[in-house]
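# Examining the three-dimensional arrangement
Now for the letters of each chain:
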Amino acid sequence: MGGREAALTVDSTSMQVHFGVGLLRAEWPRAVVCVGTFDGVHLGHQAVVRRAVDTAREQDLPCCVVTFDRHPAAVLAPSRCPKAIAPLQENLREIERLGVSVAVVLPFDAELSRMSADRFLDEILRASLKADNVVVGHDFAMGNGREGTTDWLSARIPTLVVEPFEIEGQRVSSSAIRQAVQDGEMETATRLLGRPFSITGVVVGGQKLGRQLGYPTANIARSFDQALPADGVYATRFRCEKGDYVAALAIGMRPAVGGDHRTVEAYLLDYPGDSLYGLSASLEVHHRLREERNFPSLEALKGQMAHDVEETRRLLLSGT
């Protein structure tokens, strides 16, 4: 296959990660292989991967996950491609926590999109990973035209198909999580993900308007097309190499100060003030405090910001 090929570990040495199969030299005789896009690694995905891990442990085999560097729709139907729930690094970190031995990230490019299901099974699953059993979700399909359905796969290799995962009658899915995030329903997103939804990015300089109001903010520049919560203010946990902080997060156009583009800005409560510029950061978005709105004056905005900060403190620090 073409595309990027590399090998690395993520965060620790417990799970080996390969980009492509060019450098993969599987010395194990057999493996249990789990395949899926796994955007966000939500509770439904976790059920699939855990089943694969359990099956592998029962047979004293390694558990391997095959996933992709982007949503297949990015190549097959770009205009309808959904925004990502989480960056690849976070997805791999969550997969690692489930006990997976090896992860293979395939570049979903034009070549892979044209690969037949037979070739994917023979070259990727069997030849490269030594698949003896395959575990997939109920809606899985692989190969050109999605010809490799679960029934197709089951007829060619022992296959375990994991049923949909539901919470209180609601099916857990990536689309349901994206909708919850886009609606600002962060508690719902947390419930379906099994952890708070996070925004990742790099701290960059801004107009420093927050500093003039007495609330200096960290402006977050993102590096990929991730789903964002609805415009508004949120109680958030901000993490970077300098520590973990509770923050009031504002997402939106900033109409009160004449903003002309959407921004993501976090005011860190009780932060000592050292520069954060250039640092990578992750923001766990826990609760929506209010919608974005205009204010008749900067004093009115400042008063509301004070209220937002105290509400954030109450929700995430006081335990009430």
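All values reported here derive from a predicted model rather than from experimental measurement. (Residues numbered from 1 in each chain as written. Predicted model: local features only at pLDDT ≥ 70, side-chain atom pairs only at ≥ 80, totals over all residues. Heavy atoms only, no water.)

## Remarks on the overall build of the protein
For clarity, the cut-off: Helix numbering and strand numbering both begin at the N terminus, where a helix is a DSSP run of H or I of at least 4 residues and a strand a DSSP run of E of at least 2. Radius of gyration means the value over C-alpha atoms here, while the globule rule gives 2.2 Å times the residue count to the 0.38 power. Three exposure classes are used, based on accessible area relative to the maximum for each residue type with a 1.4 Å probe and protein chains only: buried under 20%, partly exposed in between, and exposed over 50%. Whether two residues are in contact is decided by their heavy atoms, any of which lying within 4.5 Å being enough. Note on areas: these come from Shrake-Rupley sampling with a 1.4 Å probe, and a residue is covered only by the protein chains present in the view. Positive charge is attributed to Lys and Arg, negative charge to Asp and Glu, and no charge count is given to His or to the chain ends. In plain terms, the charge of a residue is placed at NZ if it is Lys, CZ if Arg, CG if Asp and CD if Glu.
In terms of regular secondary structure, the protein is built from 10 helices and 17 strands. The globule rule puts the C-alpha radius of gyration for 320 residues at 20 Å, and the 22 Å found for the protein is close to it. Projecting the C-alpha coordinates of the protein onto the three principal axes gives extents of approximately 70 × 40 × 40 Å. Sorting the 320 residues of the protein into buried and exposed places 49% on the buried side. Contacts in the protein between residues far apart in sequence, at least 24 positions, make up 72% of those at least 6 positions apart. Of the roughly 14,800 Å² of accessible surface on the protein, 48% is carried by carbon and sulfur atoms. With 35 positive and 41 negative side-chain charges, the protein shows a spacing of 2 Å between the two charge centroids.

## Some remarks on the environment of lysine 83
Counted only if it meets this: Distance and chemistry together define a polar contact, namely a pair of N or O atoms within 3.5 Å, with one atom able to donate a hydrogen and the other to accept it when in protein, and with adjacent residues in sequence counting only for side-chain atoms on both sides.
Along the chain, lysine 83 turns up in the loop between helix 2 (73-76) and helix 3 (88-97). Relative accessible area serves as the criterion here: at 35%, lysine 83 is assigned to the partly exposed category. In this structure the C-alpha to C-alpha distance between lysine 83 and aspartate 39, which are 44 residues apart in sequence, comes to 9.8 Å. If we skip the residues at most four places from it in the chain, lysine 83 touches Asp39, Arg178, Asp225, Gln226 and Ala227. Within the local environment of lysine 83, its side chain forms a polar contact with the side chain of aspartate 225, the two groups lying 2.8 Å apart.

## Let's talk about the environment of glycine 201
Mapped onto the fold, glycine 201 is located in strand 12 (residues 197-204). By relative accessible area, which is 11% here, glycine 201 ends up buried. Not counting residues up to four positions away in its chain, the partners in contact with glycine 201 are Ile220, Ala221, Arg222, Leu279, Ser280 and Ala281.

## So, the confidence of the model for the protein
Note the threshold: pLDDT is a residue-level measure of predictor confidence that goes from 0 to 100.
A residue-level look at the protein finds 91% of positions with pLDDT of 70 or above and a mean pLDDT of 90. Note on residues 1-12: pLDDT under 50 across the span, and 40 contacts to partners over four residues away in sequence or across chains.

## Some words on the pairing of strand 16 (residues 263-268)
Walk down a regular strand and you will see the side chains alternate between the two sheet faces. The condition that has to hold: What makes two strands pair is DSSP finding at least two bridges between them.
Burial runs high along strand 16: 6 of the 6 residues are buried. In terms of strand pairing, strand 13 (residues 218-221) meets strand 16 through 2 bridges, oriented antiparallel. When the bridges of strand 16 are listed, asparagine 219 appears paired with glutamate 265. In terms of strand pairing, strand 15 (residues 243-252) meets strand 16 through 6 bridges, oriented antiparallel.

## Remarks on the state of the cysteines
What counts here: We call a pair of cysteine sulfur atoms a disulfide when they lie within 2.5 Å.
Scanning the entire structure with this criterion turns up 0 disulfides. Note on cysteine 34: no disulfide assigned, nearest cysteine sulfur contributed by cysteine 63 at a separation of 6.3 Å. Assessed through its relative accessible area of 0%, cysteine 34 is described here as buried.

## Considerations on the nonpolar core
Applicable threshold: What we call a nonpolar core is a set of buried Ala, Val, Leu, Ile, Met, Phe, Trp, Tyr and Cys residues that are connected through their side-chain atoms within 4.5 Å.
If you look at the biggest cluster of nonpolar residues, it comprises 35 residues, and the most contacted ones within it are Phe197, Ile199, Phe238, Leu249, Leu268 and Leu276. Elements supplying a minimum of two residues to this core: helix 7 (174-182), helix 8 (186-193), strand 12, strand 13, strand 14 (232-240), strand 15, strand 16 and strand 17 (280-291). Other than its neighbours up to four places away in sequence, leucine 249 contacts Ile199, Gly232, Val233, Tyr234, Thr236, Val264, Glu265, Ala266, Leu283 and Val285. Counting 30 residues, the second largest nonpolar core, distinct from the first, contains Leu24, Ala26, Met115 and Leu129.

## Side note on the side chain of asparagine 219
Secondary-structure assignment places asparagine 219 in strand 13. Other than its neighbours up to four places away in sequence, asparagine 219 contacts Val202, Val203, Val204, Gly205, Gly206, Val264 and Glu265.

## With respect to the packing of aromatic side chains
Quick reminder of the rule: Between rings of Phe, Tyr and Trp, where Trp is taken as its six-membered ring, a pair exists when centres lie within 6.5 Å; planes separated by under 30 degrees are stacked, by over 60 edge-to-face, and by other angles tilted.
Overall, the coordinates contain 3 aromatic pairs when judged by the stated rule. Ring centres of tyrosine 215 and tyrosine 267 lie 5.1 Å apart, and the angle between their planes is 80°; this geometry places the pair in the edge-to-face category. On the criterion of sequence distance, the pair formed by tyrosine 215 in the loop between helix 9 (209-212) and strand 13 and tyrosine 267 in strand 16 is long-range, its members being 52 residues apart. Grouping residues by exposure puts tyrosine 215 and tyrosine 267 together as buried. Seen from their ring centres, tyrosine 245 and tyrosine 271 are 4.9 Å apart, and the 85° between their planes marks the pair as edge-to-face.

## Notes on helix 5 (residues 117-128)
Test applied: Arc, as used here, means the arc of the directions from the helix axis to the C-beta atoms.
Every buried residue of helix 5 is accounted for by Ala117, Phe120, Leu121, Ile124, Leu125 and Ser128. In an axial view of helix 5, the angular spread of the buried residues amounts to 150°, which keeps them on one side of the axis. Where helix 5 ends, the next residue or the one after it, lysine 130, has phi of about 60°, a positive value.

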